[in-house]
Amino acid sequence: MAPAAQPAVRRVGMDEARERGETLAEALADVLLDCVEGGASVSFMLPLARDKAAGFWRGVLDDVARGERVLLVAETPVGRIVGTVQLITAQPDNQPHRADVAKMLVHSEARRQGVAAQLMAAIDHAAREEGKTLLVLDTVTGGDAERLYQRAGWQVAGVIPNYALMPDGAPCSTTYFYKQL
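Now for a quick tour of the structure. (Residues numbered from 1 in each chain as written. Predicted model: local features only at pLDDT ≥ 70, side-chain atom pairs only at ≥ 80, totals over all residues. Heavy atoms only, no water.)

Points about the pairing of strand β6 (residues 155-165)
Line of reasoning, step 1. Looking at chain direction, β6 and strand β7 (residues 171-180) are connected through seven bridges and run antiparallel. Across the sheet, residue V159 finds its bridge partner in β7, namely T175.
Line of reasoning, step 2. Connecting β6 to the antiparallel partner β7 that follows it, the hairpin turn spans five residues, and G169 within it adopts a positive phi of roughly 100°. (Pairing = 2+ DSSP bridges. Helix = DSSP H or I, 4+ residues; strand = E, 2+ residues; numbered from the N terminus.)

This is the structure we're talking about:
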């Protein structure tokens with residue numbers, strides 16, 4: 001039996017965000033719900049309603065349509081979105097060289113297959129295309145993502161104790177990372 005084909009990472013364009021926004025929001029909501037239900041600390045609490053998850057993605061897609069954010073998706077050969085990451089390019093006037101990386105999510109069924117590493121390499125490329133030379137992100141301290149980011153060349157800036165809550169309400173520390181491109 002041949003191995004399953006790797007998901008392909010692509011950028012959601014401004015026109016696509018406008019024209020296919022609802023379909024994309026629903027597909028991305030599936031990934032977000034899976035991650036939050038699996039315990040990911042990504043700004044949402046349990047229980048997370050599907051309409052709230054889809055509403056979040058509608059807002060992201062509005063930002064993409066305005067050119068304020070880059071959205072990458074990892075899709076299976078049949079077009080199912082199994083991962084995503086964002087580059088927030090709209091920054092204050094004194095930080096035009098910087099962007100925030102946000103919501104790096106991979107569906108539980110697609111983990112341990114290199115999807116997250118693909119997304120992170122693609123976000124570096126997208127940042128360069130946008131003229132960004134400094135990237136910043138944060139993640140729960142001690143989680144799998146910390147190791148992923150360090151392997152991808154990110155540097156720890158610091159840890160803030162009890163910065164956020166896990167989806168079940170337990171406090172967690174947050175590690176901030178940066179990467180010079």
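After presenting the structure, the write-up continues.
Overview of the pairing of β7
Line of reasoning, step 1. Looking at chain direction, strand β5 (residues 134-140) and β7 are connected through seven bridges and run antiparallel. Bridge assignment links V136 to a residue of β7, and that residue is Y178.

Comments concerning helix α5 (residues 144-151)
Line of reasoning, step 1. Of all the residues in α5, the buried ones are E146, L148 and Y149. The arc enclosing the buried residues of α5, seen along the axis, measures out at 165°, which places them on a common side.
Line of reasoning, step 2. Contacts from the buried residues of α5 go to β4 (98-106), α4 (115-129), β5 and β7.
Line of reasoning, step 3. Just beyond α5, the residue with positive phi is G153, at close to 95°. (Buried < 20%, exposed > 50% of the residue type's maximum accessible area, 1.4 Å probe, protein only. Arc of directions from axis to C-beta. Contact = heavy atoms within 4.5 Å.)

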